[in-house]
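So you can see what is in the structure, the chains are spelled out below.
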Amino acid sequence: MSKNMKTVLTIAGSDSSGGAGIQADLKTMMAHKVYGMSVITALTAQNTTGVAGIMEVTPEFVAQQLDCVFQDIRPDAVKIGMVSNAEIIKVITEKLVEYKAENIVVDPVMVATSGSSLMQDDASQALRTLLLPLADVITPNVPEGEVLSGLKIETKADMLEAADRIASAAGTSVLLKGGHLKDSADDLLFMDGKVSWFESERIENPNTHGTGCTLSSAIAANLALGHGLEESISKAKAYITGALHDGMDLGKGSGPLNHAYRIN
Ligand SMILES: Nc1ncnc2c1ncn2[C@@H]1O[C@H](COP(=O)(O)OP(=O)(O)O)[C@@H](O)[C@H]1O
Ligand SMILES: Cc1ncc(COP(=O)(O)O)c(N)n1
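Residues numbered from 1 in each chain as written. Chains lettered and ligands numbered in written order. Predicted model: local features only at pLDDT ≥ 70, side-chain atom pairs only at ≥ 80, totals over all residues. Heavy atoms only, no water.

## Points about the side chain of Asn 207
- Take Asn 207: it is sitting in the loop between β9 (194-198) and α7 (211-224).
- Among the residues examined, Asn 207 registers a relative accessible area of 5% and is labelled buried.
- With sequence-adjacent residues up to four places away left out, Asn 207 is seen in contact with Leu 244, Met 248, Asp 249, Gly 253, Ser 254, Gly 255, Pro 256 and Leu 257. (Helix = DSSP H or I, 4+ residues; strand = E, 2+ residues; numbered from the N terminus. Buried < 20%, exposed > 50% of the residue type's maximum accessible area, 1.4 Å probe, protein only. Contact = heavy atoms within 4.5 Å.)

Here's what the structure looks like:
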């Protein structure tokens, strides 16, 4: 019996190919043995080669899903991924405040690994001013870090400057992910003015569809399990490194990760 089951909610978009978005989040939560729930913000028709279409859910229906979850099974942590327009961002912000949500991880998803845009241009202002300040940690990749900081990021020194800027603007901790840099795959945490690096060797694996979704969900799962932020990131980094090492190869493009390799 799992009387003390921890619960995690993902608020994100659906990926029909199952590698990113809601599907990656729920698989990651299952692998961490926490109970996963989902509020879907958009459907995407997508596979490993790209995004063919996006159908946004109405803000009212996003609100209805949030009410149903929070009024019944309270999440111990919340992960937020694809939120494609300003109205959806507004409604999520209002509900997270209303229900006093805790352990909030925001992955500011703007562009898919395949290069397709997942956020409307006018939404980035709402993301910065409404949602990011609510987060316990935000997890931009390098291109998202460049948009949020206004700086070009090519080196680890650039990462430091950008993370400092983003953290000051949002008033929250920032995990700037280094997966898009050439030589390393080191992630930088900027928390309360303190800097920590989470290092790993660069794995030669073209199949990175859903790595950001997976990392942010793994952080949320570990926070729900009661670990502190640094420990949660360290465990999540080990999880993603293991999944990339597993080397699953599905699809014609940048393939998804295997989450089953570590379930026993
Ligand atoms: N080739 C790689 N080798 C090792 N780790 C990687 C690699 N690519 C991405 N990662 C890790 O996967 C996580 C997601 O990073 P990143 O790819 O930068 O984000 P996103 O999927 O949002 O673009 C980070 O922890 C990053 O360091
Ligand atoms: C519905 C949805 N959400 C997010 C991503 C980003 O994926 P990644 O983790 O590869 O950056 C995606 N491709 N699709």
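## Remarks on the site of ligand 1
- Close to ligand 1 lie 15 residues; Asn 141, His 180, Asp 187, Thr 211 and Lys 237 are nearest.
- Measuring from an oxygen atom of ligand 1, one finds a backbone N or O atom of Gly 212 at 2.8 Å.
- Against a free-state accessible area of 550 Å², the protein chains account for coverage of 94% of ligand 1.
- Breaking the shell around ligand 1 down by element, the ones donating at least two residues are α7 and α8 (229-246).
- A breakdown of the residues in the shell around ligand 1 according to their chemical character gives five nonpolar, five polar and five charged. (Near = heavy atom within 4 Å. Polar contact = N/O pair within 3.5 Å; in protein donor to acceptor, adjacent residues only side chain to side chain. Areas by Shrake-Rupley, 256 points an atom, 1.4 Å probe, with all protein chains shown as cover. Nonpolar A, V, L, I, M, F, W, Y, C, P; charged D, E, K, R; others polar.)

## Quick notes on helix α3 (residues 86-98)
- For α3, which comprises 13 residues, the first-to-last C-alpha distance of 18 Å matches the rise-based estimate of 18 Å (1.5 Å per residue) to within 8%.
- Within α3 the residues assigned to the buried category are Ala 86, Ile 88, Ile 89, Val 91, Ile 92, Thr 93, Lys 95 and Leu 96.
- Contact partners of the buried residues in α3: β1 (7-15), β2 (35-47), α2 (59-70), β4 (77-80), β5 (104-106) and α4 (123-131).
- With its phi angle positive at about 50 degrees, Lys 100 sits one or two positions after the end of α3. (Expected span 1.5 Å × (residues − 1).)

## Structural notes on the packing of α3 against α4
- Where α3 contacts α4, the axes come no closer than 8 Å and their chain directions differ by 10 degrees. Comparing their axes, α4 and α3 come out roughly parallel. Pair α3 / α4 crosses with right-handed handedness. On α4, the residues that touch Ala 86, Ile 89, Lys 90, Ile 92, Thr 93 and Leu 96 of α3 are Ala 123, Ala 126, Leu 127, Leu 130 and Leu 131.
- Among the residues forming the contact of α3 with α4, the class breakdown is nine nonpolar, one polar and one charged. (Axes fitted to C-alpha atoms, helices over the stretch in contact; angles between N-to-C directions. Parallel < 35°, antiparallel > 145°, perpendicular 65-115°, else oblique. Left-handed = near helix turned anticlockwise from the far one by under 90°.)

## What about the site of ligand 2?
- Around ligand 2 lies a shell of 17 residues, among which Gln 46, Thr 113, Gly 210, Gly 212 and Cys 213 are the nearest.
- With respect to ligand 2, the side chain of Gln 46 contributes an N or O atom lying 2.8 Å from a nitrogen atom.
- Taking Gly 212, its main chain carries an N or O atom lying 3.1 Å from an oxygen atom of ligand 2.
- Listed by contribution, the elements that provide at least two residues to the shell around ligand 2 are β1, β2 and α7.

## Notes on the sheet that holds strand β8 (residues 187-191)
- Across the sheet, nine strands lie side by side as β3-β2-β1-β4-β5-β6-β7-β8-β9; this open sheet has mixed pairing. Of all the strands in the sheet, just β3 (50-56) and β9 have a single pairing partner and so form its edges.
- One ladder, built from three bridges, connects strand β7 (residues 173-176) with β8; its direction is antiparallel. Looking across to β8, one finds that Leu 175 is bridged to Leu 189.
- Sitting on the sheet, α2 is in contact with β1, β2 and β4, with an inclination near 155 degrees to β2. (Pairing = 2+ DSSP bridges.)

## What about the pairing of β7?
- Here β7 shows a buried face lined by Ser 173 and Leu 175 and a second buried face lined by Val 174 and Leu 176.
- Here strand β6 (residues 137-138) runs beside β7; their pairing, made up of two bridges, is parallel. Looking at β7, one finds that Val 137 is bridged to Ser 173.

## Description of the confidence of the model for the protein
- Summing up the model confidence of the protein, the mean pLDDT is 94 and the portion of residues at 70 or higher is 98%.
- Across the whole predicted complex the pTM is 0.97, and at the interface the ipTM reaches 0.98. (pLDDT = per-residue confidence, 0-100.)

## Some remarks on the environment of Ala 135
- Assignment of secondary structure puts Ala 135 in the loop between α4 and β6.
- Classification of Ala 135 as buried rests on a relative accessible area of 8%.
- C-alpha of Ala 135 to C-alpha of Thr 10: the two residues are 125 residues apart in sequence and 14 Å apart in space.
- With residues near it in sequence (within four places) discarded, Ala 135 still touches Ile 104, Val 106 and Thr 172.

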